[in-house]
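# Secondary and tertiary structure notes
So you can see what is in the structure, the chains are spelled out below.
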Amino acid sequence: MDLLTKDYNFDQKFTLTMLSNGGTGLTATGVKKDQFFVGDISTQYKSGSTTVDLKVDTSSSVSTKVTINEVFPCTKAVLDFKIPDHKSGKLDLQYLHHHAAINSSIGLTPNPLLELAATIGSKDLSLGGEVGFDTRNASFTKYNAGIGLNTPDFSAALVLADKGETLKASYVHSVNPITGATVAAEMTHRFSTYENSFTIGSSYPLDPCTVVKTRFCDNGKVSMLCQQEWRPKSLVTVSAEYDPKAIDSVPKLGLALALKP
């Protein structure tokens, strides 16, 4: 759930994005580790219905993704692979319709991993499921299912995950549509251990450019962040987390900077 997870960061991190009028972009991301910054560089090139994404990380591994839209009506093909890992190739075929979506994936190896996900419904009510099968040992890697309900004021979802071992329930409520104040909650139950956990959070815009978010977990951790768009599409985010059960009990602080010219 984005409200409870998105933008929370407890490292010193920066992102620099440069875009051209033709659709080509260059992005550099860095995270401070010890006394140095490590990260990756990615670029994107668009030509008609084809998009090519390249990403180079600190280990000199090159990730490539080629996306071709409208191979057939309402379809999209995505080819992923890494260099020099020749076993990392994967082909996705996606079908998107107003009331249905299907995504199939096959690994480009002699014993591929097969995955299939499908969703049906409308903007108000939707049902979905996914399954993964490993042909190497003839076993299921995952099978999950969920149902979602959306109204103008709230959204709720119930998901059976981890091969039926985990039940997740989430709820997002718009407290004030005018100001944008929103609250959210998520509860997880694990059938094998009878363990329950929950997370609650909120989001409140102080002004059109500044948002404050808070989060509280059942383990006692308290987090908050303040994000400001100080220029169009350029964001600075300050995050903090306090864990009362930690040995030193020192709050974690994080700074994320995203720049777009």
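The structure reproduced in this document is the subject of the present report. (Residues numbered from 1 in each chain as written. Predicted model: local features only at pLDDT ≥ 70, side-chain atom pairs only at ≥ 80, totals over all residues. Heavy atoms only, no water.)

In this structure, the amide linkage connecting Ile83 to the following residue, Pro84, adopts the cis form with an omega of 20 degrees. Mapped onto the secondary structure, Pro84 falls in the loop between strand E6 (75-83) and strand E7 (90-96). Phi angles above zero are rare outside glycine, and Cys74 is one such case at about 70 degrees. Its location among the elements puts Cys74 in the loop between strand E5 (62-69) and E6. Its relative accessible area of 32% is what places Cys74 among the partly exposed residues. For Lys233, which is not a glycine, the phi torsion comes out positive at approximately 65 degrees. Checked against the element boundaries, Lys233 lands in the loop between strand E17 (222-231) and strand E18 (234-242). (Helix = DSSP H or I, 4+ residues; strand = E, 2+ residues; numbered from the N terminus. Buried < 20%, exposed > 50% of the residue type's maximum accessible area, 1.4 Å probe, protein only.)

What follows is about the side chain of Gln227. Mapping Gln227 onto the fold places it in strand E17. Gln227 gets classed as buried once you look at its relative accessible area, which sits at 15%. Among the polar contacts made by the side chain of Gln227, one reaches the side chain of Thr237 at a distance of 2.9 Å. Here Gln227 is in contact with Asp7, Cys209, Thr210, Val211, Leu235, Val236 and Thr237, once residues within four sequence places are set aside. (Polar contact = N/O pair within 3.5 Å; in protein donor to acceptor, adjacent residues only side chain to side chain. Contact = heavy atoms within 4.5 Å.)

Evaluated as defined, the whole model comprises four aromatic pairs. Ring centres of Phe140 and Tyr143 lie 6.1 Å apart, and the angle between their planes is 85 degrees; on these two criteria the pair is classed as edge-to-face. Classification of Tyr143 by relative accessible area gives partly exposed; the value is 40%. Taken together, Phe133, Phe140 and Tyr143 form an aromatic cluster joined through their ring pairs. In this arrangement the basic side chain of Arg215 is found over the ring face of Tyr8, its NZ or CZ atom lying 4.1 Å from the centre. (Phe/Tyr/Trp six-rings, centres within 6.5 Å; stacked < 30°, edge-to-face > 60°. Lys NZ or Arg CZ within 6 Å of the ring centre and 35° of its normal.)

Here we take up the pattern of salt bridges. In this structure the tally under the stated criterion is five salt bridges. Glu130 is the salt-bridge partner of Lys142, the closest N and O atoms lying 3.5 Å from each other. Pair noted here: Lys142 is in strand E11 (residues 139-150) and Glu130 is in strand E10 (residues 125-134), with a separation of twelve residues, a long-range link. For Glu130, a relative accessible area of 30% gives the class partly exposed. A salt bridge links Arg136 to Asp134; the shortest N-O distance between them is 4.0 Å. If you follow the salt bridges from partner to partner, you end up with Glu115, Glu130 and Lys142 in one network. (Salt bridge = Lys/Arg side-chain N within 4 Å of Asp/Glu carboxyl O.)

By themselves, these are just geometric observations and shouldn't be taken as functional.
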